[in-house]
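Listed below are the residues making up each chain.
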Amino acid sequence: MKQNAEVQEARHDGFKWSVVVILLVLAVAGNAYFADQALLYRVLGVVVLGVAAAALAITTNKGRDVVELASSARREIQRVVWPTRQETVQTTAIVLGAVLIVGLLLWLIDTTLGWLMSGIVS
């Protein structure tokens, strides 16, 4: 019985996505058509149509999958152990030092090769 309901819902997903696209097209076209109106009214219209499109998109199977992915990502971010300020400063200093050393070495190699080539060509 539940599988039949899921198939029925999936059958309507195409129609729902069509309505979502129509709402978004209306938002863009309406914004262009009413260009002579105040910006506030155009922004409100676009926001209202965008929220309506998002609310409808969330009711589809793909929309629910996206919501589940976002909530899983949020839970995963909460589990991350972020470095302390001291660790961040030390790591940044090490990276800057390494970049400086590599930059100086590349400059030295470039200068040496340029000097050698000018000696050969001249």
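Treat the numbers as computed from the prediction; the structure is a model and nothing was measured.

Caption draft 1: Quick look at the overall build of the protein. Assigned secondary structure in the protein consists of 4 helices and 0 strands. Shown N-terminal to C-terminal, the secondary structure of the protein runs as helices and strands in the order α-α-α-α. Structurally, the protein occupies a C-alpha span of about 80 × 45 × 30 Å along its principal axes. For the protein, with 122 residues in total, the buried portion stands at 7%. Looking at the protein as shown, the accessible area adds up to about 10400 Å², and 73% of this sits on carbon and sulfur atoms. One finds the centroid of the 10 positive side-chain charges in the protein at a distance of 7 Å from the centroid of its 9 negative side-chain charges.

Caption draft 2: Structural context of the side chain of Asp13. Within the secondary structure, Asp13 is located in helix H1 (residues 2-33). Polar side-chain contacts of Asp13 include one of 3.2 Å to the backbone nitrogen of Asn61. Every residue in contact with Asp13, bar those within four places of it in the chain, is listed here: Thr60 and Asn61.

Caption draft 3: View of the side chain of Thr60. Tracing the sequence through the fold places Thr60 in the loop between helix H2 (39-58) and helix H3 (61-79). In terms of polar contacts, Thr60 uses its side chain to reach the backbone amide nitrogen of Gly63, at 3.1 Å. Those residues in contact with Thr60 that sit more than four places away from it in its chain are Asp13, Lys16 and Trp17.

Caption draft 4: Spotlight on the environment of Tyr41. With respect to the element layout, Tyr41 can be found in helix H2. Overall, Tyr41 belongs to the exposed group, its relative accessible area being 56%.

Caption draft 5: Representation of the UniProt feature "transmembrane region" (unreviewed entry) in the protein within the structure. The feature "transmembrane region" (unreviewed entry), as given by UniProt, occupies residues 15-34, 39-58 and 89-109 in the numbering adopted here. Helix makes up 95% of residues 15-34 and strand 0%. Its end C-alpha atoms lie 28 Å apart. Across residues 39-58, the secondary structure splits into 100% helix and 0% strand, with the terminal C-alpha atoms separated by 28 Å.

Caption draft 6: Inspection of a nonpolar patch on the surface at higher detail. A contiguous nonpolar surface patch, about 650 Å² in accessible area, is contributed by Leu100, Ile101, Leu104, Leu105, Trp107 and Leu108. Mapped onto the elements, Leu100 comes out in helix H4 (residues 85-121). The class for Leu100 is exposed, based on a relative accessible area of 56%.

Caption draft 7: Region of the structure containing the confidence of the model for the protein. Overall, the predicted model of the protein reaches an average pLDDT of 91, with 93% of residues at or above 70. When mean pLDDT is taken per element in the protein, H4 scores highest with 97 and H1 scores lowest with 83.

Caption draft 8: Spatial organisation of the packing of aromatic side chains. In this structure the tally under the stated criterion is 1 aromatic pair. Look at Tyr33 and Phe34: their rings are 4.9 Å apart centre to centre, the planes differ by 85 degrees, and that puts the pair in the edge-to-face class. Under the relative-accessibility criterion, Phe34 is labelled partly exposed at 43%.

Rules behind the numbers
Sequence order as written defines residue numbering, which begins from 1 separately in each chain. Whole-chain, interface and lining totals are the exception, using all residues; otherwise, since this is a predicted model, local features are given only for residues with pLDDT of at least 70 and side-chain atom pairs are given and counted only at 80 or more. To get the side-chain values, all heavy atoms of the structure are used, and hydrogens and water are removed first. Helical segments are the DSSP runs of H or I of at least four residues, strand segments are the runs of E of at least two, and each set is numbered from the N terminus. Relative accessible area decides the class of each residue, using a 1.4 Å probe on protein chains only: under 20% of the type maximum gives buried, over 50% gives exposed, and in between gives partly exposed. For the area figures, the Shrake-Rupley method with a 1.4 Å probe applies, and any residue is considered shielded solely by the protein chains shown. Counted as positive: Lys and Arg. Counted as negative: Asp and Glu. His and the chain ends are not counted at all. Charge positions are represented by NZ for Lys, CZ for Arg, CG for Asp and CD for Glu. Any pair of N or O atoms that falls within 3.5 Å is considered a polar contact. Within protein, one atom must be able to donate a hydrogen and the other to accept it, and sequence-neighbouring residues count only if both atoms are side-chain atoms. It only takes one pair of heavy atoms within 4.5 Å for two residues to be counted as in contact. UniProt positions are given in the numbering used here, feature names are shortened, and annotations may be inferred rather than shown by experiment. For patch detection, residues must exceed 30% relative accessible area and be free of salt bridges, and they are connected within 9 Å for like charges or within 5 Å for nonpolar side chains (Val, Leu, Ile, Met, Phe, Trp, Tyr). Salt bridges are defined as contacts in which a side-chain nitrogen from Lys or Arg sits within 4 Å of a carboxyl oxygen from Asp or Glu. The predictor attaches a confidence to each residue, called pLDDT, with possible values from 0 through 100. Stacked, tilted and edge-to-face are the three classes applied to pairs of Phe, Tyr and Trp rings, where Trp contributes its six-membered ring and a pair requires centres within 6.5 Å; stacked means planes under 30 degrees apart, edge-to-face means over 60, and tilted covers the rest.

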